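# Architecture at a glance
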Amino acid sequence: MPICIKIASTTNHQFCTPLMTLYVSILEQNPAVEFEFFVIADALTTLDFHYLKTIEHQYANCQKITFLSVDPKAYATAATNQRIIQAAYYRIDLPEILRRETRLLYLDSDMICRGDLRPLWQAPLQGKLIGAVEDAGYVENRLNQMQIAYHHRRYFNSGLMLMDLTAWRQHRISQQVKAFIKVRATQLRYHDQDALNAILVDRWLPLHPKYNAQSKLLWRQQQHFDPTVEHQNTVARSSPVLIHYAGFRKPWHPEIWHPATAAYQAYQPIVQRLKLKAAEKPYVPNTSCTSQH
């Protein structure tokens, strides 16, 4: 029986096409692997839902795409900006929504897959609650700034999280993170990522940066103090499995150059064909979102 990898993301209308591109890249790069996708939908149009469901119908290795909903009132006071919208916080609720699942791979919608996801999915978490990649801005000092006690001063990027959902629920992480956000709303410089790092400090496993090759890493903006990690960074630049277009520069903005634009644009012919297929037949809207799985 083939492996079935469970992936979740959040998206809105603006990021519908990037999310389609991510999912198409995953399915194209992993033809021997089954996938089930969960999407927290925030203000998607009827056509957006149709576009995403077309992926399910066109790829044999896409078992299902399920749309989820979150109560936005829990994040009414959360800090946001033009790039980090309120929906970015909704990932915090995924373990509570997907109570039948035990492991989940969360991916931001501004990513592209370039390789096999099975080694990542099967990676042991060694007793940690999540696996993640260190933030390429190397902002370890954020823990000090937030007055968070730690044994290892490392700060992860929340764009990719391999989650032990059972352990997460046992430790009531969602509830702790939301309580932290409520108290520290005005102090969260990096938004939900700050809150997740504060609560999960010393309880996350560093993964190879090739699984979340962020823009700052690709641009070589900073060098890691640890030579071993810097060697991993070199590998990640040459052979990324997941490219993360983190930051304001996105490959779908033609006026802004990005070193990995070609990786994103390579899938646009497929994405556009899927959109045309979606437009070929009438669509009966069924955009009701599941609140519990």
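Please refer to the structure higher up on the page.
Computed from a predicted model, the values in this text were never measured in an experiment.

Note: strands within a sheet are paired through backbone hydrogen bonds, in either parallel or antiparallel orientation. Read from one edge to the other, the open sheet built from 7 strands follows the order 3-2-1-4-7-6-8, with strand pairing classed as mixed. With one partner strand each, in any of the chains shown, strand 3 (62-68) and strand 8 (204-206) form the two edges of the open sheet. For this sheet, the mean angle separating the axes of adjacent strands, direction not counted, is 25°. Here 2 bridges tie strand 1 (residues 4-12) to strand 4 (residues 103-107), and the two strands are oriented parallel to one another. Bridge pairing in strand 4 places I7 opposite L105. Across the sheet, helix 2 (residues 46-58) lies against strand 2 (34-42) and strand 3, angled at about 155° from strand 3, the strand it touches most. Across the sheet, helix 8 (residues 192-199) touches strand 7 (156-164) and strand 8, and the angle it forms with strand 7 is around 50°.

Another aspect to go through is the sheet that holds strand 5 (residues 111-113). Strand order in the open sheet formed by 3 strands is 5-10-9, and the pairing between neighbours is mixed. Bordering the open sheet on either side are strand 5 and strand 9 (213-214), each of which pairs with just one other strand. Two elements, strand 5 and strand 10 (residues 242-244), share 3 bridges in a ladder whose sense is antiparallel. Looking at the pairing, M111 lines up with H244 of strand 10.

Moving on: helix 7 (residues 173-184). Under the 1.5 Å per step criterion, the end-to-end length of helix 7 is 16 Å for 12 residues, consistent within 8% with the ideal 16 Å. Turning to helix 7, its buried residues are I173, S174, V177, F180, I181 and R184. Buried positions in helix 7, seen along its axis, are confined to an arc of 130° and lie on one side of it. What points out from helix 7, more than 90 degrees from its buried face, is the exposed set K182 and V183. In this structure, the buried residues of helix 7 make contact with helix 3 (94-97), helix 6 (165-170) and helix 8.

How two aromatic rings sit relative to each other is given by the distance of their centres and the angle of their planes. Taken as a whole and assessed by the stated rule, the structure comprises 8 aromatic pairs. Geometrically, the ring pair formed by Y23 and F37 is stacked, given 4.0 Å between the ring centres and 20° between the ring planes. Linking Y23 in helix 1 (residues 16-29) with F37 in strand 2, this pair joins segments that are 14 residues apart in sequence. Clustering of aromatic rings is evident, with ring pairs tying together F15, Y245, W252 and Y264. Seen from the ring of W219, R249 lies directly overhead, with NZ or CZ sitting 5.1 Å from the centre.

Here the focus is the environment of T54. In this structure, T54 sits in helix 2. For the pair T54 and I65, spaced 11 residues apart in sequence, the C-alpha separation works out to 9.5 Å.

Turning next to the environment of Y267. Residue position: Y267 is located in the loop between helix 11 (261-265) and helix 12 (268-280). In this structure Y267 comes out as buried when scored by relative accessible area, which is 10%. Along the backbone, Y267 and H208 are 59 residues apart, and their C-alpha atoms lie at a distance of 25 Å. Setting aside residues up to four positions removed in sequence, Y267 forms contacts with T21, V24, S25, E28, Q29, I112 and C113.

The element strand 4 is largely enclosed, with a buried count of 4 among its 5 residues. Sheet topology note: the strand 4/strand 7 ladder contains 5 bridges and is antiparallel. Across the sheet, R103 pairs through a bridge with D164, a residue of strand 7.

A separate point is the nonpolar core. Grouped together as the largest cluster of nonpolar side chains are 59 residues, with contacts concentrated most on I7, I26, I55 and L117. Considering each element in turn, this core owes the most residues, 8 residues, to helix 1. In this structure, L117 is in contact with I5, I7, I26, N30, F35, V241 and L242, ignoring residues within four places of it in sequence. The next biggest cluster of nonpolar side chains, apart from the first, holds 42 residues, and it includes V70, L94, L143 and I199.

What counts, and at which threshold
- Residues numbered from 1 in each chain as written.
- Predicted model: local features only at pLDDT ≥ 70, side-chain atom pairs only at ≥ 80, totals over all residues.
- Heavy atoms only, no water.
- Pairing = 2+ DSSP bridges.
- Helix = DSSP H or I, 4+ residues; strand = E, 2+ residues; numbered from the N terminus.
- Axes fitted to C-alpha atoms, helices over the stretch in contact; angles between N-to-C directions.
- Contact = heavy atoms within 4.5 Å.
- Expected span 1.5 Å × (residues − 1).
- Buried < 20%, exposed > 50% of the residue type's maximum accessible area, 1.4 Å probe, protein only.
- Arc of directions from axis to C-beta.
- Phe/Tyr/Trp six-rings, centres within 6.5 Å; stacked < 30°, edge-to-face > 60°.
- Lys NZ or Arg CZ within 6 Å of the ring centre and 35° of its normal.
- Core = buried A, V, L, I, M, F, W, Y, C linked by side-chain atoms within 4.5 Å.

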